[in-house]
Each structure stands twice: as C-alpha cells, then as structure tokens.
Amino acid sequence: VQLQAFGGGLVQAGGSLRLSCAASGRTFSNYVMGWFRQAPGKEREFVAAINWSGGSTYYADSVKGRFTISRDNAKNTVYLQMNSLKPEDTAVYYCAASTLVMTIKSVDYWGKGTQVTVSS
C-alpha cells in the first residue's frame, strides 16, 4: 500500500485543519487506518485509528473531543479533522495502515508525513 498525506499547514491556535491520506496498491478496506504524529525532539505517538468499516474509532486522550477520524473506502481515503488546535499539536503527521491493531510496532505501511504548525 502506498500512502500519501495532504492538508498540513500553518494555522492559529483555535483553528482547524483537515488532513487526507490517499491509499493505493492494495485493497484499502482490508486495513485499519490511523494517524500518528511526531514533534521535534519527541517520539512518534498515536493520534487516532479507524477500523475497516469505519464503525469503530480510537483516539489518544490528548486529541479526544477535538479530532475526528473518518474514512471513505470508495475513495481509498482516510481523513483527520482537527478542530480547536493547540500549539502542542504542532508536529509532522503520518498516515498509517495496519492489518492488525494500530500501534507503532504493528504498522505495515507508513505514508510520508505532512507538517502541521499551530501558532499561539
């Protein structure tokens, strides 16, 4: 699976961004899809995940209530709607695909990251 993320940018605190990740190469609906992020000097961390049907979603406590993950299997695309952004959300965001659970060690495919910068 090839993953390409879009939608990063610079936004003021309190603003919103929507990330998209387009997948190609294999059957998209076979995979659990997710987002991770990595801030400068920090380890990559889990942000959100969604199961194959879109019926179950999972979030890190730090983004719960502010971020929403969704997917469109017809378009082979997963989205991350980010609202009420905070400066601490600044990071490179990575799209990921897994046939199992969504942890860093279980990811089968990574996309190239997209930078999100939130100014105070």
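My aim in this report is to walk through the structure given alongside it, one point at a time. (Residues numbered from 1 in each chain as written. Predicted model: local features only at pLDDT ≥ 70, side-chain atom pairs only at ≥ 80, totals over all residues. Heavy atoms only, no water.)

1. Quick look at the environment of L80
Heads up, the condition is: Only DSSP runs of H or I with at least four residues qualify as helices, and only runs of E with at least two residues qualify as strands; both kinds are numbered from the N terminus onward. Each residue is placed in one exposure class: buried if its accessible area under a 1.4 Å probe, protein chains only, is under 20% of its type's maximum, exposed if it is over 50%, and partly exposed if it falls in between. By definition in these notes, contact holds between two residues if any of their heavy atoms fall within 4.5 Å.
Mapped onto the secondary structure, L80 falls in strand β8 (residues 77-82). Residue L80 is classed as buried on the basis of its relative accessible area, which comes to 0%. Between the C-alpha atoms of L80 and V11, which are 69 residues apart in sequence, the distance is 15 Å. Setting aside residues no more than four positions away along its own chain, L80 makes contact with L17, R18, L19, W35, V47, A48, F67, T68, I69 and Y93.

2. Examining the state of the cysteines
Operational definition: Disulfide assignment relies on a single distance test, namely cysteine sulfur atoms paired within 2.5 Å.
The final tally for this structure, using the stated rule, is one disulfide. What pairs with C21 in a disulfide is C95, and their sulfur atoms sit 2.1 Å apart. The sign of the S-S torsion, about -85°, decides the handedness of the disulfide formed by C21 and C95: left-handed. You can see C21 sitting in strand β3 (residues 17-24) and its partner C95 sitting in strand β9 (residues 91-98), a full 74 residues away along the chain. Accessibility expressed as a relative area gives 0% for C21, which makes it buried. On the basis of relative accessibility, which here comes to 0%, the residue C95 falls in the buried class.

3. Comments concerning the pattern of salt bridges
Charged atoms that come close allow side chains of opposite charge to pair. The following threshold applies: We count a salt bridge whenever a side-chain nitrogen from Lys or Arg sits within 4 Å of a carboxyl oxygen from Asp or Glu.
Taken as a whole and assessed by the stated rule, the structure comprises four salt bridges. One salt bridge in this structure joins D89 and R66, with 2.7 Å as the shortest N-O distance. Of the two residues, D89 sits in the loop between β8 and β9 while R66 sits in the loop between β6 (57-59) and β7 (67-72), which places them 23 residues apart along the sequence. Judged on exposure class, the residue D89 and its partner R66 are both buried.

4. Observations concerning the sheet that holds β8
Rule in force here: Between any two strands, pairing holds if DSSP finds at least two bridges. Here the axes come from fitting lines to C-alpha atoms, over the contacting stretch only for helices, and the angles between their N-to-C directions go from 0 to 180 degrees.
If you walk across this open sheet you meet the four strands as β1-β3-β8-β7, and the pairing is antiparallel. Edge positions in the sheet fall to β1 (2-6) and β7, since each has one partner strand and no second. The average angle at which neighbouring strand axes cross in this sheet is 15°, direction not considered. Pairing geometry for β7 and β8, over six bridges, is antiparallel. What sits directly across from R71, in β8, is V78.

5. Some details on the pairing of β9
Across the eight residues that make up β9, a large majority, seven, are buried. As defined by bridge partners, strand β4 (residues 32-38) adjoins β9 across seven bridges and the pair is classed as antiparallel. Counterpart to W35 in the pairing with β9 is C95. Across three bridges, the pairing between β9 and strand β11 (residues 114-119) is antiparallel.

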